[in-house]
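# Architecture and fold: a report
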Amino acid sequence: MFVLDTLTHRLKRGCETMAFPQGPAPALPDRHGGALRVDVAKCTDGCRECADVCPTVAITQKPGIPLSLDLGRCIFCAACLDACPPGAITATGNYRMATRTREDLVLGGAGHEELRLAAALDGKLQKLFGRSLRLRQVSAGGCGGCEADVNVLGTIGWDLGRFGIQMVASPRHADGLLITGAISRNMELALRKTYDAVPEPKIVIAVGACAIAGGPFVDNPEILNGAQALVPVDLFIPGCPPPPLTILDGLLRLLDRLEERKIPVGASA
C-alpha cells in the first residue's frame, strides 16, 4: 500500500524539474539585480561617490582614468547604484556572469564595458568532461551562502545530475574542484592536498566573491584573496552568493551545453 500511495502522489504532482535551459529561465531573487554594466561615457572625471561607498574596493576611479568595476570583488550590495549621480553603473537583471579569466570580470577602465561570458573547455578537456563531470566541493572558509546555493542545484527542481554533473565525496573520484569561501590560511593546506588528490587532467571552479577575490574579507591577513593564489582556476562565477541559476549557467557554458542561449549580457533572456 505504501508503494501504491507513493506512486499515486508522484503522478499527481507530475514533473517538478524546471525545463531550463530549453525552457524559460527562472527569475532572479528580488534583491539580486544581476550582472552590472558600466557606461564610462556617463562617468564624471574626478567623481568618486561610487568608489567611496564600495565595501570591497571593487570600484576604482582615479583622475583621468575611466571608472573600473571588478565584478570578482563585487558583493552586489547595490550601494554604488544608489550613490552614482549620472547612473554610470546599472543593473542588467541578467543572471549570466561566469567568465573563464579573472581579467574578464573587470569592466570599464581601459577594457570592456560588458562581461565576456565563459567559453567552453577546449580540445581534450571538452571530450573528457563535456558529458560527464564529477566535482569535489571545498568550502575553504565560507559563510555557508555559496555552499547553500550550490546544494540547491541538487534538489528536484534543478536536478544537476541530468546534465551529467555530480558532486562526489572524494577528490580521487573527481574531475575537478568547486571552491567556495575566502580561502582562509587555516584551509590552505587542506585545499592544496585536495587539489593534488584530484587526478590529472582536472579543472577548478571558483564560486562567489570570496573564492574569486576574498569578498568582504579582501586583504585580511588571515585569507589569501581567492583560490587563484593557490590553484589555477578555469571558471569564475561571481556573486555574494551567486544565485543557483548563475552557477548552473556557468557550469553549462564550460561544458558547451548552452549554444542556443549564448546571448550578450544585457539582452533579454
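Residues numbered from 1 in each chain as written. Predicted model: local features only at pLDDT ≥ 70, side-chain atom pairs only at ≥ 80, totals over all residues. Heavy atoms only, no water.

### Brief notes about the nonpolar core
Using the following cut-off: Definition used in this section: a nonpolar core is a set of buried Ala, Val, Leu, Ile, Met, Phe, Trp, Tyr and Cys residues joined via side-chain atoms within 4.5 Å. To sort residues, take the accessible area from a 1.4 Å probe on protein chains only and compare it with the maximum for the residue type: under 20% means buried, over 50% means exposed, and anything in between is partly exposed. Runs of E in the DSSP output that reach at least two residues are strands. Runs of H or I that reach at least four are helices, and both are numbered from the N terminus. By definition in these notes, contact holds between two residues if any of their heavy atoms fall within 4.5 Å.
Of all hydrophobic cores here, the largest spans 40 residues; its most connected members are Leu 36, Ile 59, Leu 69, Leu 71, Ile 89, Ile 179 and Ile 183. The element contributing the most residues to this core is helix α7 (residues 209-213), with 3 residues. Beyond its immediate stretch of four places on either side in the chain, Ile 179 contacts Val 138, Leu 191, Val 204, Ile 205, Ala 206, Val 207, Ala 211, Ala 227 and Val 231.

### Considering the confidence of the model for the chain
Rules: Per-residue confidence from the predictor is reported as pLDDT, a score between 0 and 100.
Averaged over all residues, the pLDDT of the chain is 88; the fraction at 70 or higher stands at 93%. Per-residue pLDDT stays below 50 along residues 260-269; that stretch engages in 30 contacts with residues further than four places along the chain or on separate chains.

### Some remarks on the sheet that holds strand β8 (residues 176-180)
Condition: DSSP-based pairing: two strands are paired if at least 2 bridges between them are found. What counts as an axis is a line fitted to C-alpha atoms, over the stretch in contact for a helix, and the angles between N-to-C directions run from 0 to 180 degrees.
Spatial ordering of the open sheet is given by β7-β6-β8-β9-β10, a layout of 5 strands whose pairing is parallel. Strands with a single pairing partner mark the edges of an open sheet, and in this sheet they are β7 (165-167) and β10 (235-237). Direction aside, the axes of adjacent strands within the sheet are offset by 25° on average. Sheet topology places β8 next to strand β9 (residues 203-207); 4 bridges connect them, and they run parallel. By the bridge assignment for β9, Gly 176 is matched with Ile 203. Most of the contacts of helix α6 (residues 188-197) go to β8, to which it runs at about 160°, and overall it touches β6 (133-139), β8 and β9. Against the sheet, helix α8 (residues 244-254) touches β6, β7, β9 and β10, its axis set at about 165° to β10.

### Some points on the environment of Leu 36
Here Leu 36 shows up in strand β1 (residues 36-38). Each C-alpha atom of the pair Leu 36 and Leu 115 lies 8.7 Å from the other, and the pair is 79 residues apart in sequence. The contact partners of Leu 36, leaving out residues within four places of it in the chain, are Leu 69, Leu 71, Cys 74, Phe 76, Cys 80, Leu 81, Ile 89, Thr 90, Ala 91, Thr 92 and Leu 107.

### Thoughts on the sheet that holds strand β2 (residues 59-60)
Backbone-to-backbone hydrogen bonds join strands into a sheet, with any given pair of strands oriented parallel or antiparallel. The antiparallel open sheet is built from 3 strands, whose spatial order is β2-β3-β5. Two strands lie at the open edges of the sheet, namely β2 and β5 (106-108), each paired on one side alone. The sheet contact formed by strand β3 (residues 68-70) and β5 spans 3 bridges and is antiparallel. In the strand pairing of β5, Asp 70 is matched with Val 106.

### Observations regarding the side chain of Asp 175
The cut-off we apply is this: Charged residues are defined narrowly, with Lys and Arg counted positive, Asp and Glu counted negative, and His plus the chain ends left uncounted. We define a salt bridge as a contact between a side-chain nitrogen of Lys or Arg and a carboxyl oxygen of Asp or Glu at a distance within 4 Å.
Tracing the backbone shows Asp 175 in the loop between β7 and β8. At 5.7 Å, Arg 134 is the nearest oppositely charged side chain to Asp 175, a buried residue that forms no salt bridge. Residues contacting Asp 175, with those up to four places away along its chain left out, are Phe 129, Ser 132, Leu 133, Arg 134, Val 198, Pro 201, Lys 202 and Ile 203.

### Some words on the side chain of Asp 249
Tracing the chain through its elements places Asp 249 in helix α8. Owing to a relative accessible area of 1%, Asp 249 belongs among the buried residues under this scheme. Here Asp 249 is in contact with Tyr 95, Arg 96 and Leu 258, once residues within four sequence places are set aside.

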